[in-house]
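Spelled out from the first residue to the last, the chains are:
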Amino acid sequence: MWLASGPKVAPPNISAVRVNSTCVLVSWDRIPDGKRRGLIQKYRVNITSKIPNETTSREVQAPTQYLEIVSINVDSKFTITVEAANSKGFGPVSEPVNITAVP
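A short tour of the structure in this document, coming up. (Residues numbered from 1 in each chain as written. Predicted model: local features only at pLDDT ≥ 70, side-chain atom pairs only at ≥ 80, totals over all residues. Heavy atoms only, no water.)

Section: the overall build of the protein chain
1) Next: From N to C terminus, the protein chain includes zero helices and eight strands.
2) Next: Ordered by position from N to C terminus, the α and β elements of the protein chain give β-β-β-β-β-β-β-β.
3) Next: In terms of overall dimensions, the protein chain has a C-alpha envelope of 50 × 25 × 20 Å along the principal axes.
4) Next: Out of the 103 residues in the protein chain, the part that is buried amounts to 36%.
5) Next: For the protein chain, the separation between the mean place of its 12 positive charges and that of its 8 negative charges on side chains is 7 Å. (Helix = DSSP H or I, 4+ residues; strand = E, 2+ residues; numbered from the N terminus. Buried < 20%, exposed > 50% of the residue type's maximum accessible area, 1.4 Å probe, protein only. Lys, Arg positive; Asp, Glu negative; His and termini not counted. Charge placed at Lys NZ, Arg CZ, Asp CG, Glu CD.)

In structure tokens, the structure reads:
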């Protein structure tokens, strides 16, 4: 028996662009209709710093498909992933995007 769950795939085309030395704009595309398993309600953006190895997550309500990350440390390296949720839960995590905040 098939049980309903989160989206089948992660949000595609994750982009992380430095706006300035302390701000990164993360954006992504919609999950294709046939892969959503219902209405996408929110997204979770996971930010993992390399040193120390810590992850923080921020949620964005759909239909918004971007997050501005502010007050990041200069000269820090981060990995960013995104996942989407429908009424049944979160789906898989996207491929990681690496970014370095430079002065």
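As for the pairing of strand β6 (residues 76–86)
1) Next: Here β6 lies mainly inside the structure; 10 of its 11 residues are buried.
2) Next: Here strand β3 (residues 42–49) pairs with β6 via eight bridges, running antiparallel. Within the sheet, the bridge partner assigned to I47 lies in β6 and is I80.
3) Next: Two strands pair when backbone bridges link them, and β6 and strand β7 (residues 89–90) are joined in this way by two bridges, in the antiparallel orientation. Following the sheet pairing, A85 is matched in β7 by F90. (Pairing = 2+ DSSP bridges.)

What to know about the environment of V82
1) Next: By the secondary structure assignment, V82 is in strand β6.
2) Next: What makes V82 buried here is its relative accessible area of 0%.
3) Next: Taking the C-alpha atoms as reference points, V82 and V24, 58 residues apart in sequence, are found 14 Å from one another.
4) Next: Those residues in contact with V82 that lie beyond four places of it in its chain are A10, P11, I14, V26, W28, Y43, R44, V45, P92, V93 and S94. (Contact = heavy atoms within 4.5 Å.)

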